[in-house]
Amino acid sequence: MEDFTHMNDWIKSYIEAQKAALDSIPTEKVADCVGVLQKAWAEEKNIFVFGNGGSAANASHFATDLGKGSSDIMSKRFKVLSMNDNVSWMTAIGNDYDYEDIFKRQLENYANPGDIVITMSVSGNSPNLIKAVQWAKEKDLTVMAFVGAKQGGLAPLADHLVVIDSEHYGRVEDCHMGICHMLCYAFMELDSLKH
């Protein structure tokens with residue numbers, strides 16, 4: 001039988017570490033990201049979001065919340081697309097070309113100068129994310145990256161970088177999703193953004 005006293009201590013410790021990760025969210029950087037999204041909305045630019053693993057799920061969740069929840073209360077809608085949601089396309093690219101191309105080649109179909117790329121990665125070193133972001137920079141897209149403490153190869157490429165001071169995958173991914181919710185709820189809850 002599990003020692004629930006020990007389990008309770010572990011849970012409390014986990015929560016404390018999660019609070020520390022949340023406290024590391026740089027609020028001014030998140031506020032800058034809200035400004036980038038507001039400008040993209042005003043100029044009807046596309047917003048592309050993608051990641052791997054848990055970050056892929058966060059990308060899909062974010063696109064849903066911004067594309068539906070935030071858009072529902074705005075005078076016009078956000079143009080947002082998760083690059084993680086077309087499994088047929090991703091597997092065709094991965095099989096026929098290279099797995100590192102699964103996001104870059106989708107961007108080649110859709111992206112225009114001035115559009116926004118948002119990527120999330122705990123390590124910051126995923127080759128498919130770096131390749132897509134490098135392409136985006138070459139094509140004059142604005143790059144937003146949410147990473148963990150290691151920052152990785154994404155950090156120097158990002159125009160807007162948000163770093164969580166943790167290397168723990170669960171905690172960093174939870175913080176990234178919290179930031180995604182902040183970005184969406186800013187438009188839902190702040191009257192100054194509802195133009």
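Scroll up a little and you will see the structure.
Report on the accompanying structure.

Calculation notes
- Along each chain, residue indices are assigned from 1 in the same order as the chain's sequence is written.
- Given that the model is predicted, a residue must reach a pLDDT of at least 70 before its local features are reported, and side-chain atom pairs must reach 80 or more before they are shown or counted; all residues, however, enter totals for whole chains, interfaces and linings.
- Excluding hydrogens and water, the side-chain values take into account all heavy atoms of the structure.
- Any carboxyl oxygen of Asp or Glu that lies within 4 Å of a side-chain nitrogen of Lys or Arg is treated as forming a salt bridge with it.
- The numbering of helices and of strands both runs from the N terminus, where a helix is a DSSP run of H or I of at least 4 residues and a strand a run of E of at least 2.
- Partly exposed residues are those whose accessible area sits between 20% and 50% of the maximum for their type, while under 20% is buried and over 50% is exposed, using a 1.4 Å probe and protein chains only.
- Any two strands with at least two DSSP-identified bridges between them are counted as paired.
- Helix axes are fitted only over the stretch in contact, all axes being lines through C-alpha atoms; the angle between N-to-C directions runs from 0 to 180 degrees.
- In this description, contact between two residues means that some pair of their heavy atoms is separated by no more than 4.5 Å.
- For a helix, the expected span equals 1.5 Å multiplied by the residue count minus one.
- Pairs were defined over the aromatic rings of Phe, Tyr and Trp, the Trp ring being its six-membered one, requiring ring centres within 6.5 Å. Orientation was assigned from the angle between planes: stacked under 30 degrees, edge-to-face over 60, tilted for the rest.
- For a ring to carry a charge above it, either NZ of a lysine or CZ of an arginine must fall within 6 Å of the ring centroid while also lying within 35 degrees of the normal to the ring plane.
- The term nonpolar core refers to a set of buried residues drawn from Ala, Val, Leu, Ile, Met, Phe, Trp, Tyr and Cys, joined through side-chain atoms within 4.5 Å.

### Concerning the pattern of salt bridges
- Summed over the entire model, instances satisfying the criterion amount to nine salt bridges.
- Note that D159 and K137 form a salt bridge whose closest N and O atoms lie 2.7 Å from each other. Here K137 lies in helix 6 (residues 127-138) and D159 lies in the loop between strand 4 (142-147) and strand 5 (160-163), a separation of 22 residues in the sequence.
- On the basis of relative accessible area, D159 is assigned to the partly exposed category, the value being 37%.
- One network of salt bridges, with partners in common, ties together K68, D72 and R77.

### Describing the sheet that holds strand 2 (residues 79-82)
- If you trace the five strands from one edge of the open sheet to the other, you get 2-1-3-4-5, paired in parallel fashion. The open sheet has two edge strands, strand 2 and strand 5, and neither has a second partner. The mean inter-strand angle of the sheet, taken between neighbouring strand axes irrespective of direction, is 15°.
- Along the sheet, helix 3 (residues 54-73) makes contact with strand 1 (46-51), strand 2 and strand 3 (116-121), crossing strand 1 at roughly 155°.

### Regarding the pairing of strand 3
- The element strand 3 is largely enclosed, with a buried count of six among its six residues.
- Residues I116, I118 and M120 of strand 3 are buried on one face, and the alternating residues V117, T119 and S121, pointing to the opposite face, are buried as well.
- Where strand 3 lies against strand 4, six bridges are found, and the strand directions are parallel. For T119, the partnering residue across the bridge sits in strand 4 and is A145.

### A short note on helix 7 (residues 169-189)
- For helix 7, spanning 21 residues, the distance from its first C-alpha to its last is 29 Å, which sits close to the expected 30 Å at 1.5 Å a residue.
- Within helix 7 the residues assigned to the buried category are R171, V172, E173, C175, H176, M177, I179, C180, L183, C184, A186 and F187.
- Against helix 1 (4-23), helix 2 (27-42), helix 3, strand 3, strand 4 and strand 5 lie the buried residues of helix 7.

### A look at the packing of aromatic side chains
- On inspection of all chains with the given rule, the structure shows five aromatic pairs.
- Ring geometry for F50 versus F103: centroids 4.8 Å apart, planes at 20°, classification stacked. A residue pair is termed long-range when its members are at least 10 positions apart, and F50 in strand 1 and F103 in the loop between helix 4 (87-96) and helix 5 (104-110) qualify at 53 residues. Per residue, the accessibility class of F50 equals that of F103, and both read buried.
- Taken together, the ring pairs in this structure connect F48, W89 and Y110 into an aromatic cluster.
- The ring of W41 carries the charged tip of K76 above its face, separated from the ring centre by 5.1 Å.
- The positively charged end of R105 is found above the aromatic ring belonging to Y97, 3.6 Å away from the centroid.

### What to know about the nonpolar core
- Counting residues in hydrophobic clusters, the biggest one holds 36 residues, and the most contacted among them are I47, F62, I118, F146 and L183.
- Elements with a minimum of two residues in this core: helix 2, strand 1, helix 3, strand 3, strand 4 and helix 7.
- Not counting chain neighbours up to four residues away, the residues in contact with F146 comprise C33, I118, T119, M120, S121, V162, H176, I179, C180 and L183.
- Counting 26 residues, the second largest nonpolar core, distinct from the first, contains A111, V133, L157 and L161.

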